[in-house]
Amino acid sequence: MTAPLEKGKENNMEPLLAGIGVTKNFGGLTALNKLDFAIYPGEIVGLIGPNGSGKTTLFDCLTRVQGLDSGRVIFKGVDVTKKKPYQVAHMGLARTFQVFRVYRKLSVFENMLLSRQWRGETLLRQLKPSHPDTEERANELLEFLTLDHLTHELAGNLSGGQQRLLEIGMALMPEPDLVLLDEAASGVNPVLIETITDRIRQLSEKEGTTFLLIEHNMGFIGDLCSRVFVLNFGQKLAEGTSEEVMQNEDVIEAYFGS
Amino acid sequence: MDRIIAIIQGIVFSRRTHIILLVILVLMPLLHFGRESCKDEGQLAAMIPEASCSYLIDEKPVTNATLLTFTQMFILIILASNWNLTGGFTGYIDFGHAVFFGIGAFATANLMGASRWEEWPALLSDWSFWPAMAAGGLVAALFALMIGSATLRLKGPYFSIAMLGTLVAVREIVRVSKNFSGGGLGLNLPIYLNRPMFYYLSLTIMVLIIGFISWLRKTEFGASLVAIREDEVGAEMRGINTTLHKIAAFGTAAFITGSVGGMWAYQNTFIDADIAFQQTRTIDMVMMSMLGGLGTVAGPVLGSTVMFWLRDVVWSNFLLYHQIFEGILLIIIVLFVPEGIMGMFDRENSGTSLNQIIKGWFPKSSPDEEDSQ
């Protein structure tokens, strides 16, 4: 098997998320080519690679927005390859998006409420007022993201950076086990990046939340990630700690530029 | 200009205005009973000329014609509000919503004993109006669940076309199934010409429906419908079972539309495939919602009212040109007031425009196409 699975054996842990031979083609273009990987509970893993290397496609495949051409995705020991996106979300997988996907015509607060955990609920429950705990959590997250003064503003009126923050809030709202962050730090001011970094670390340590993040900001990656994957042409180019990866010659050639 | 809009807004959206309006609407038909009226009003016999009969000589301040006009307006408001549930909130532009109206109308008519088919089961005949109307709604809702579970999986324009096709197909199927629809002869319902009754019935339904929809919009379910319109893929990935939500909204709208169809059939006393499944009825719903403001609670109400009276003026003054008028109005709405009357009053609502809905059908895929802030 591949390296990450061996690492798991050392730790005696089941991977939280694993991909086996994940392949995705767009017409003649191979976006993901027989990719194997595993992510273990509590890890913070970085995913880097040049533009067009298949990072976002991988996220789309993991959250079931796009079907796989072949291969399997296993989350919490369950094969989710044939599940619907909302079912995967109910299992505890949340993500942010590179292109903003906030609900522009709803208020910031409604955006947060609608991102809560919906698992096992009937439609009738949604006709009742929101649970006070949900509202409290939404308020708490908004305050943390410094968006609390915009609670009743329409999400579409926020600036790009604020929408980015809102997306992070929406991803954390359902108390997920695994969060996929797609360029979460781009367009966010440096002070706030620090706060977000702290929050991610805190969540990972206290609640054992696992993170997988796509990022071009190597400082952010180096700060947070215990392990980094490098993708190129839909294949894994390298894997290791951020220092190891940054010194890897293949990676330097493909990504950092010589 | 802003000042004027603010003043109008203050008047139109204050609760006091609504209550005053409601009281006027409730009391208005009382004038109908002011003068001597036909002894056996509500019977066909009353139509047969007696010099004093009020159907022929209008002596009352409020005539049957007035009441009928208002009833029709209320029906249009109900229909537009319901259409808005799928078309405005959820962003699925339904070009065939009149199909539920027609199905409700035919189901009610048959249940009330209008069937021309000798073998129509006696158990399903001669129902009284109320259960028949509710059953009409139920049949329409069942049909909506069936057709919706297929068509609502289609995206944007495909859904619209599929529903348009459904309307045309169902109309033709109903037309040829003579046992059900009476074919070219149509169906005659038991005659009941109590205009005040229909006036109050449609007024009550209208108030209930507006209340229901404004309550629904405030629940998480209502908000999730807007979320589906704004970003269906995002909503699905954040755990909303979008298909279930869409079908639930569609079924609810169909139920109400079907019941109203049943009421309309009883009031009209005659239906056939052409008038029950009129294409223009759908277009009315779409245009009135657009004029008022898609995706808002008050939009369809305002839009229907304004359009109804505008149309009345145009019909009575420029009879041959009224169709041109509607086309021009549509162009004006799309070009100049895309978010409708509500968009002019208050931009901070969950309303939208056809333009934005269509944009949402073709999602941005790369960051390069992002709107600049």
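Residues numbered from 1 in each chain as written. Chains lettered and ligands numbered in written order. Predicted model: local features only at pLDDT ≥ 70, side-chain atom pairs only at ≥ 80, totals over all residues.

### Things to note about the overall build of chain A
What counts is decided by this rule: Numbering goes from the N terminus for both helices and strands, where a helix is a DSSP run of H or I of at least four residues and a strand is a run of E of at least two. Whether a residue is buried, exposed or partly exposed follows from its count of other C-beta atoms within 10 Å of its own C-beta, namely 20 or more, 12 or fewer, or something in between, respectively; the C-beta atoms are built from the backbone. Distance between backbone-placed C-beta atoms decides contact: two residues are in contact if it is within 7 Å.
For chain A, the helix and strand inventory stands at ten helices and ten strands. Projected onto the principal axes, the alpha-carbon positions of chain A cover approximately 50 × 40 × 40 Å. Counting only residues that meet the buried cut, chain A has 46% of its 258 residues in that class. Of all intrachain contacts in chain A linking residues separated by at least 6 positions in sequence, the fraction that spans at least 24 positions is 68%.

### Some words on the interface of chain A and chain B
What counts, and what does not: Each residue receives one of three labels: charged for Asp, Glu, Lys and Arg, nonpolar for Ala, Val, Leu, Ile, Met, Phe, Trp, Tyr, Cys and Pro, and polar for the others, Gly being one of them.
Counting residues at the interface gives 30 residues for chain A, matched by 26 residues for chain B. Listed by contribution, the elements that provide at least two residues to the side of chain A that touches chain B are α3 (85-90), α4 (108-114) and α6 (160-172) of chain A. Element by element, the count of residues in the side of chain A that touches chain B is highest for α3(A), at four residues. Classifying every residue of the side of chain A that touches chain B by side-chain character gives 16 nonpolar, nine polar and five charged.

### Notes on the sheet that holds strand β4 (residues 70-75) of chain A
All names here are of chain A. To keep it simple, the criterion reads: Pairing between strands is defined by DSSP: at least two bridges between them are needed. Note on geometry: axes are lines fitted to C-alpha atoms, helical ones only across the stretch in contact, with angles between N-to-C directions running from 0 to 180 degrees.
With antiparallel pairing, four strands are arranged side by side in an open sheet as β2-β1-β4-β5. Either end of the sheet is taken by a strand with one partner, and the two such strands are β2 (29-39) and β5 (78-79). The pairing of strand β1 (residues 17-26) with β4 spans five bridges and is antiparallel. The partner of Ile 20 across the bridge, within β4, is Arg 72. Those strands touched by helix α2 (residues 55-62) are β1, β2 and β4, and its axis lies near 65° from that of β2.

### Details of the confidence of the model for chain A
Residue and element names in this part refer to chain A. Basically, it comes down to this: In predicted models, pLDDT denotes the confidence assigned by the predictor to each residue on a 0 to 100 scale.
Mean pLDDT for chain A: 84, with 95% of residues reaching 70 or above. Averaged over each element, pLDDT in chain A is lowest for helix α1 (residues 3-11) (49) and highest for α4 (92). Segment residues 1-9: pLDDT under 50, and eleven contacts once partners within four positions in sequence are set aside and those in other chains are kept.

### Section: the packing of helix α3 (residues 64-89) of chain B against helix α11 (residues 242-268) of chain B
All names here are of chain B. Threshold: Relative orientations are named as follows: roughly parallel for angles under 35 degrees, roughly antiparallel for angles over 145 degrees, roughly perpendicular for angles from 65 to 115 degrees, and oblique for any other angle. The sense of a crossing depends on the near helix, which, turned anticlockwise from the far helix by less than a right angle, makes the crossing left-handed and, turned clockwise, makes it right-handed.
Contact geometry for α3 and α11: axes closest at 8 Å, N-to-C directions at 165°. Judged by the inter-axis angle, α3 sits roughly antiparallel to α11. The chirality of how α3 crosses α11 is left-handed. Of the residues in α11, those in contact with Thr 71, Ile 75, Ile 78, Leu 79, Asn 82, Trp 83, Leu 85 and Thr 86 of α3 are Ala 249, Phe 250, Thr 252, Ala 253, Ile 256, Thr 257, Val 260, Trp 264 and Gln 267.

### Overview of the sheet that holds strand β8 (residues 210-214) of chain A
In a beta sheet, neighbouring strands are held together by backbone hydrogen bonds and run either parallel or antiparallel to one another. Residues and elements named next belong to chain A. Read across the sheet, six strands follow the order β6-β7-β8-β3-β9-β10 without closing on themselves; strand pairing throughout is mixed. Edge positions in the sheet fall to β6 (93-95) and β10 (235-240), since each has one partner strand and no second. Neighbouring strand axes in the sheet, compared pairwise and without regard to direction, differ in orientation by 20° on average. Two strands pair when backbone bridges link them, and strand β3 (residues 44-48) and β8 are joined in this way by four bridges, in the parallel orientation. Within β8, the residue paired with Leu 47 across the bridge is Ile 214.

### Thoughts on helix α5 (residues 132-144) of chain A
Residues and elements named next belong to chain A. Our working definition: How far a helix is expected to stretch is found by multiplying one less than its residue total by 1.5 Å. Directions drawn from the helix axis to the C-beta atoms are what define this arc.
Helix length check: α5, at 13 residues, gives a terminal C-alpha distance of 18 Å against a target of 18 Å (1.5 Å per residue), a fit within 8%. Turning to α5, its buried residues number three or more, namely Arg 137, Ala 138, Leu 141 and Leu 142. Considered in projection along α5, the buried side chains sweep an arc of 130° and stay on one side of the axis. Away from its buried face by more than 90 degrees, α5 exposes Pro 132, Asp 133, Glu 136, Glu 140 and Glu 143. Against the buried residues of α5 lie α4 and α6.

### Topic: the environment of A:Leu141
All names here are of chain A. Here Leu 141 is to be found in helix α5. With 22 C-beta atoms packed within 10 Å, Leu 141 lands in the buried category. Once the C-alpha coordinates of Leu 141 and Leu 158 are considered, the two residues, 17 residues apart in sequence, prove to be 17 Å apart. Filtering out sequence-adjacent residues up to four positions away, Leu 141 remains in contact with Met 112, Gly 169, Leu 172 and Met 173.

### Some words on the pairing of β2(A)
One face of the sheet, then the other: side chains in a regular strand alternate in exactly this way. All names here are of chain A. Pairing of β1 with β2 involves seven bridges; the strand directions are antiparallel. Considered in β2, the bridge of Phe 26 is made with Leu 29. Linking β1 back to β2 in an antiparallel pair, the connection comprises two residues, with Gly 27 at a positive phi of about 60°.

### A short note on unusual backbone geometry
Residue and element names in this part refer to chain A. One non-glycine residue, Glu 175, lies in the positive phi region at around 50°. Take Glu 175: there are 13 C-beta atoms within 10 Å of it, and that puts it in the partly exposed class. For Glu 183, which is not glycine, the phi dihedral falls at a positive 50°.

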